[in-house]
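Residue-level structure breakdown
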Amino acid sequence: QVQFVESGGGLVQPGGSLRLSCTVSGLMFRLYAMGWYRQAPGKQRELVSSITNGGESAYTDSVKGRFTISRDNAKKTFYLQMDSLRPEDTAVYYCNAAGAVRYDDAWGQGTQVTVSS
């Protein structure tokens with residue numbers, strides 16, 4: 001059974017930082033591209049950032065230069081370092097596989113990120 005467990009969200013002031021973590025089980029983590037997704041109230045879930053099994057990263061335009069994705073294959077965990085946070089980054093953040101494969105029946109509860117003064 002594939003599972004994705006997110007952690008690290010919270011309330012932060014504009015300009016602040018948070019580091020999200022996603023622990024994955026039930027698949028050969030090192031073989032898969034992974035991604036961070038977010039869903040803001042009233043909006044569709046969007047892919048924020050992804051990282052290939054080889055470590056190549058990609059970002060949606062709105063977070064380029066502020067967010068950094070990384071992975072630790074030994075720990076079956078990947079991360080999203082979020083700096084210079086803005087109120088528009090407020091959303092529930094989810095993790096899942098990315099690219100050709102995504103486990104739509106395995107979404108976790110997500111972790112809430114709220115950017116507000």
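Here is a short report on the structure shown in this document.

Definitions and cut-offs
Residues numbered from 1 in each chain as written. Predicted model: local features only at pLDDT ≥ 70, side-chain atom pairs only at ≥ 80, totals over all residues. Heavy atoms only, no water. Buried < 20%, exposed > 50% of the residue type's maximum accessible area, 1.4 Å probe, protein only. Helix = DSSP H or I, 4+ residues; strand = E, 2+ residues; numbered from the N terminus. Pairing = 2+ DSSP bridges. Phe/Tyr/Trp six-rings, centres within 6.5 Å; stacked < 30°, edge-to-face > 60°. Disulfide = S-S within 2.5 Å. Core = buried A, V, L, I, M, F, W, Y, C linked by side-chain atoms within 4.5 Å. Axes fitted to C-alpha atoms, helices over the stretch in contact; angles between N-to-C directions. Salt bridge = Lys/Arg side-chain N within 4 Å of Asp/Glu carboxyl O.

1. Focus on the pairing of strand 7 (residues 67-72)
Alternating residues of strand 7 divide into F67, I69 and R71, all buried, and T68, S70 and D72, none buried. Pairing geometry for strand 7 and strand 8 (residues 77-82), over 6 bridges, is antiparallel. Its bridge partner lying in strand 8, F67 is registered against M82. Once strand 7 ends, the chain turns through 4 residues before running back antiparallel as strand 8, passing K76 with a positive phi of about 55°.

2. Here's the deal with the packing of aromatic side chains
On inspection of all chains with the given rule, the structure shows 6 aromatic pairs. Between F4 and Y103 the ring centres are 6.3 Å apart and the planes differ by 45°, which places this aromatic pair in the tilted class. Note that F4 is positioned in strand 1 (residues 3-7) and Y103 in the loop between strand 9 (91-97) and strand 10 (111-115), a separation of 99 residues in sequence. Residue F4 shares its accessibility class with Y103, and that shared class is buried. A centroid spacing of 5.9 Å and a plane angle of 80° characterise the contact between Y94 and W107, whose relative ring orientation is edge-to-face. In this pair, Y94 is assigned in strand 9 and W107 in the loop between strand 9 and strand 10, connecting sequence segments 13 residues apart.

3. Topic: the state of the cysteines
Throughout this description, disulfide means a covalent bond between two cysteine sulfur atoms. Overall, the coordinates contain 1 disulfide when judged by the stated rule. A sulfur-sulfur separation of 2.0 Å characterises the disulfide bridge that pairs C22 with C95. Its S-S torsion of about 75° marks the bond between C22 and C95 as right-handed, since a negative value means left-handed. Of this pair, C22 sits in strand 3 (residues 18-25) while C95 sits in strand 9, placing them 73 residues apart in sequence. With relative accessibility at 0%, the residue C22 sits in the buried group.

4. Side note on the nonpolar core
The biggest cluster of nonpolar side chains holds 29 residues, and the ones touching the most others in it are F4, M34, W36, F78, M82 and Y93. At the level of secondary structure, the elements contributing two or more residues to this core comprise strand 3, strand 4 (34-39), strand 5 (46-51), strand 7, strand 8, strand 9 and strand 10.

5. Remarks on the sheet that holds strand 8
If you walk across this open sheet you meet the 4 strands as 1-3-8-7, and the pairing is antiparallel. Unpaired on one side and paired on the other, strand 1 and strand 7 mark the two borders of the sheet. In this sheet, neighbouring strand axes are inclined to one another by 15° on average, regardless of whether the strands run parallel or antiparallel. In this sheet, strand 3 lies alongside strand 1 in antiparallel orientation, the contact comprising 5 bridges. Bridge pairing links V5 to T23 in strand 3.

6. Brief notes about the environment of G35
Note that G35 resides in strand 4. For G35, a relative accessible area of 0% corresponds to the buried category.

7. Here we look at the pattern of salt bridges
Here the structure, examined in full by the defined rule, presents 5 salt bridges. Note that R102 and D104 form a salt bridge whose closest N and O atoms lie 2.6 Å from each other. Owing to a relative accessible area of 46%, D104 belongs among the partly exposed residues under this scheme. Three or more residues are tied together by salt bridges with common partners; here these are R38, E46, R66 and D89.

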